[in-house]
Amino acid sequence: QVQLVDTGGGLVQAGGSLRLSCAASGRTFSDYAMGWFRQAPGKEREFVATITRSGSTTYYADSVKGRFTISRDNAKNTAYLQMNSLKPEDTAVYYCAAGLVFSKRPADFGSWGQGTQVTVSP
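The structure contained in this document is the topic of the report that follows.

A word on unusual backbone geometry
- Backbone geometry places N77, a non-glycine residue, at a positive phi of 55 degrees.
- Along the chain, N77 turns up in the loop between β7 (68-73) and β8 (78-83).
- Overall, the relative accessible area of 30% leaves N77 in the partly exposed class.
- Non-glycine residue S85 carries a positive phi angle of around 50 degrees.
- A relative accessible area of 40% means that S85 is categorised as partly exposed.

Considering the sheet that holds strand β3 (residues 18-25)
- Pairing is antiparallel across the open sheet formed by four strands, whose spatial order is β1-β3-β8-β7. Pairing within the sheet leaves two strands with one partner each, and these edge strands are β1 (3-7) and β7. Averaged over all adjacent pairs, the angle separating strand axes in this sheet is 15 degrees, with direction ignored.
- Pairing of β3 with β8, which is carried by six bridges, proceeds in the antiparallel orientation. Counted as the bridge partner of A23 is T78 from β8.

With respect to the environment of T78
- Relative to the elements of secondary structure, T78 occurs in strand β8.
- Taking the C-alpha atoms as reference, T78 lies 31 Å from P122; in sequence the two are 44 residues apart.
- Those residues within four positions of T78 in sequence are excluded, and the remaining contacts are S21, C22, A23, F29, R72 and D73.
- In terms of polar contacts, T78 uses its side chain to reach the backbone carbonyl oxygen of K76, at 2.8 Å.

Reading the values: the criteria
Residues numbered from 1 in each chain as written. Predicted model: local features only at pLDDT ≥ 70, side-chain atom pairs only at ≥ 80, totals over all residues. Heavy atoms only, no water. Helix = DSSP H or I, 4+ residues; strand = E, 2+ residues; numbered from the N terminus. Buried < 20%, exposed > 50% of the residue type's maximum accessible area, 1.4 Å probe, protein only. Pairing = 2+ DSSP bridges. Axes fitted to C-alpha atoms, helices over the stretch in contact; angles between N-to-C directions. Contact = heavy atoms within 4.5 Å. Polar contact = N/O pair within 3.5 Å; in protein donor to acceptor, adjacent residues only side chain to side chain.

See below:
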């Protein structure tokens, strides 16, 4: 399994921006599709965005489309989630994940980061 460490969360005002990073180690990073998920208190984990192994194709949840951008740098073994125009409803713990298929289903991702808290104040 690939090991993942996600960082970059914090407290930001509505309308602000944050960039999350997900550093991978242990296996060949470019063998994995990457995804970002989030979980708010009392809610189930939900899909945010995903990117193919090469980075050529991305897919977003409707709730973040046009505001969030997923990317990856295979030379640096790192995936990113650029979050702009943040809203209070984006508040959650954000998790990066690695999987062998391009998917939006949590079950298709076998490796997960520890999570990073994003809090958006009104």
